[in-house]
Amino acid sequence: MLMGFINRARGQVRIRVECAFPERVLNLCGARDLAFWDLQWESPTAFSCRLSRKDWKILRQNAGNLDCTLSILRLEGVPYFLLRFRHRQILAFGLVACVLGLFLGSFFIWDFSVEGNVNVPTEKILRALEKNGVGLGTFGMALENESLRNHVLLDLPELSWITVSVYGCRANVEVRERVPAPVLLDKREPSNLTARRAGLVLNVQTIGGVAEVMQGSAVTKGQLLISGVEDTGTYGARVLAGMGRVEARTWYRLTASMPLTVYEKQYFKEKNAFSVIFGGRRIKFFSNSSIEGAEYDKITSRYPLSFFGVPLPVTLVQETWRFYERVPAQRTAEQAEKTAEDLLTRQLHSMVDPYGVVNSVLCSSRQKGDLLLVTLSAECQEEIGVSTPIYTESSENENTG
């Protein structure tokens, strides 16, 4: 296999020899030390074989007295391939320029991948990198990771750590998001714990202050749960921070009106437009992209190009406009109730999940004309206490001052 690669690199010729005494040609090759291989007999007086480009010239010069016919079947190898371009200088220049461009382009960054971010958008991280000199077309070997890290962390306080690793023309960005510090309770600020909403108390845990409710008590919204004013009996009242945890059973009743007649999109025409993004410049292949007086959905698809796995600074962009008109459509009461139940359930969890859990849910509906009135009733268990400051005389004087 290695010899085959070497022979093709230096050039080889497959020839056909036709002679009344073909052994004379073989004897000549042996006498002149001409190497040949892949010998195939076609008839008693003809055979084919392969020789190197140099040995072929020697055989052709010394075979004149053998009364034989030598014909070339195929020219193979790199020298003959390059020889085809001797009258096509522009094409040869293009090939050289393409190879040179790929080689030089591998030292620049043409692709980014961001890992480790959950809350911080990838676009925001890439914009911060570009602001600090790292973007498409940046020379990768000149990247100073330490300096870049310090500047980007100043622009993105949501991150605690960032590093950029360059592999060829691809930059891998790894980040760690900052964990926010918990809010510390000020035990010195006088406050009460009041009910955030009405409910039936299940458990009371007091950290500071005096509990004003007990298990099994029904409370209303704004009712005092844990008081920050403690009666010492001997020295009068003492004002402190009323803190603790009060869990209660709560009930929710959410309603929604769902129309039975809805308008759906009916697509009737589609328009495509293409463009190419080269580095940071965009080249459009269409004249005008503004569309007036029509309703449509716009879909943008991006296709980054690569060459044998190496990303290129070229991205093909396809923009599709799907025009539609709204047509009335009827839906059943079951479909409308299912849609409303999903919406109300998501709203319920957004209200309850930060404080507790949902224990049970019941959904009912009734039709009123073209509307379906859907009611969602739920029973939950959650923390209902909220801290409310106590304004003393000293604090009022501080605010006045």
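The preceding data block contains the structure.
First things first, this report covers the structure right here in the doc.

1. Some remarks on the overall build of the protein
Step number 1: Each helix and strand in the protein was counted, giving nine helices and 22 strands.
Step number 2: Taken against the 2.2 N^0.38 rule, which gives 21 Å for 401 residues, the C-alpha radius of gyration of the protein at 41 Å runs more than 25% over that of a compact globule.
Step number 3: When its C-alpha atoms are laid out on the principal axes, the protein stretches across 135 × 60 × 45 Å.
Step number 4: Entry remark: accessible area of the protein is about 26,300 Å², with carbon and sulfur atoms responsible for 55%.
Step number 5: Computed over 46 positive and 43 negative side-chain charges, the separation of the two mean positions in the protein equals 12 Å.

2. Here's the deal with the packing of aromatic side chains
Step number 1: Counted by the stated rule, this structure contains three aromatic pairs.
Step number 2: Their ring planes at 55° and their centres at 5.1 Å tell us that W41 and F47 sit as a pair that is tilted.
Step number 3: For W41, a relative accessible area of 47% puts it in the partly exposed group.
Step number 4: You can call F47 buried: its relative accessible area is 1%.
Step number 5: Consider the rings of Y296 and F323, whose centres lie 5.8 Å apart with planes at 55°: the pair is tilted. Of this pair, Y296 sits in strand β18 (residues 295–307) while F323 sits in strand β19 (residues 310–330), and the two are 27 residues apart along the sequence.
Step number 6: One Lys or Arg, K271, reaches over the ring of W321 and ends 5.6 Å from the middle of that ring.

3. A few points about the pairing of strand β15 (residues 243–259)
Step number 1: Here strand β9 (residues 199–208) pairs with β15 via seven bridges, running antiparallel. Note that in β15 the partner of N203 across the bridge is E247.
Step number 2: As defined by bridge partners, β15 adjoins strand β21 (residues 371–383) across 13 bridges and the pair is classed as antiparallel. From the neighbouring strand, R253 faces β21, where its bridge partner is S377.

4. Quick look at the layout of surface pockets
Step number 1: The calculated volume of the largest pocket comes to roughly 600 Å³.
Step number 2: If you trace the largest pocket, you find 23 residues lining it, with W110, D111, F112, L126 and L136 closest to the centre.
Step number 3: Among the secondary structure elements, those contributing two or more residues to the lining of the largest pocket are β5 (111–115), α6 (122–131), β18 and β19.
Step number 4: Looking at the lining of the largest pocket residue by residue, the classes come out as 13 nonpolar, five polar and five charged.

5. Let's talk about unusual backbone geometry
Glycine aside, residues mostly have negative phi angles, and peptide bonds mostly take the trans form.
Step number 1: Although it is not a glycine, D38 sits at a positive phi angle of roughly 55°.
Step number 2: Tracing the sequence through the fold places D38 in strand β2 (residues 36–43).
Step number 3: Backbone geometry at D67 places phi at a positive 55°, although glycine is not the residue there.
Step number 4: You can see D67 is positioned in the loop between α3 (53–62) and β4 (68–76).

6. Thoughts on the sheet that holds strand β10 (residues 210–211)
Step number 1: The sheet built from four strands is open, its strands ordered β10-β12-β8-β22 with antiparallel pairing. A single partner strand is all that each edge strand has here, and the edge strands are β10 and β22 (385–389).
Step number 2: Bridge count for strand β8 (residues 191–195) against strand β12 (residues 224–227) is two bridges, and the pairing is antiparallel. Note that in β12 the partner of L193 across the bridge is I226.

7. Some thoughts on the environment of A336
Step number 1: By the secondary structure assignment, A336 is in helix α8 (residues 333–352).
Step number 2: Classification of A336 by relative accessible area gives buried; the value is 0%.
Step number 3: Residues A336 and T163, spaced 173 residues apart in sequence, show a C-alpha to C-alpha distance of 50 Å.
Step number 4: Not counting chain neighbours up to four residues away, the residues in contact with A336 comprise M258, L260, R331 and L372.

8. With respect to the sheet that holds β9
Step number 1: Read across the open sheet, the five strands follow the order β11-β9-β15-β21-β20; overall the sheet is antiparallel. A single partner strand is all that each edge strand has here, and the edge strands are β11 (218–219) and β20 (356–368).
Step number 2: Looking at chain direction, β9 and β11 are connected through two bridges and run antiparallel. Paired with L200 across the two strands is A218, which belongs to β11.
Step number 3: Packing of α8 onto the sheet brings it into contact with β15, β20 and β21, and relative to β21 it is tilted by some 25°.

9. Brief notes about the pattern of salt bridges
Step number 1: All told, the structure shown has 18 salt bridges when counted by the stated rule.
Step number 2: In this structure, R149 and E146 form a salt bridge, with 2.7 Å as the shortest nitrogen-oxygen distance. Here E146 and R149 lie together in helix α7 (residues 145–155), a separation of three residues that amounts to about one turn.
Step number 3: One salt bridge in this structure joins R282 and E319, with 2.7 Å as the shortest N-O distance. Separated by 37 residues along the polypeptide, R282 in strand β17 (residues 281–284) and E319 in strand β19 bring together distant segments of the chain.
Step number 4: Linked through salt bridges whose partners overlap, the residues forming this network are D38, R50, R74 and E76.

Thresholds, definitions, all that
- Residues numbered from 1 in each chain as written.
- Predicted model: local features only at pLDDT ≥ 70, side-chain atom pairs only at ≥ 80, totals over all residues.
- Heavy atoms only, no water.
- Helix = DSSP H or I, 4+ residues; strand = E, 2+ residues; numbered from the N terminus.
- Rg over C-alpha atoms; globule rule 2.2 N^0.38 Å.
- Areas by Shrake-Rupley, 256 points an atom, 1.4 Å probe, with all protein chains shown as cover.
- Lys, Arg positive; Asp, Glu negative; His and termini not counted.
- Charge placed at Lys NZ, Arg CZ, Asp CG, Glu CD.
- Phe/Tyr/Trp six-rings, centres within 6.5 Å; stacked < 30°, edge-to-face > 60°.
- Buried < 20%, exposed > 50% of the residue type's maximum accessible area, 1.4 Å probe, protein only.
- Lys NZ or Arg CZ within 6 Å of the ring centre and 35° of its normal.
- Pairing = 2+ DSSP bridges.
- 1 Å grid on protein atoms, 1.4 Å probe; cavity = no way out; pocket = protein on both sides within 12 Å on 5 of 7 lines; lining within 4 Å.
- Points joined across faces, edges and corners; volume = space filled by probe spheres on them.
- Nonpolar A, V, L, I, M, F, W, Y, C, P; charged D, E, K, R; others polar.
- Contact = heavy atoms within 4.5 Å.
- Axes fitted to C-alpha atoms, helices over the stretch in contact; angles between N-to-C directions.
- Salt bridge = Lys/Arg side-chain N within 4 Å of Asp/Glu carboxyl O.

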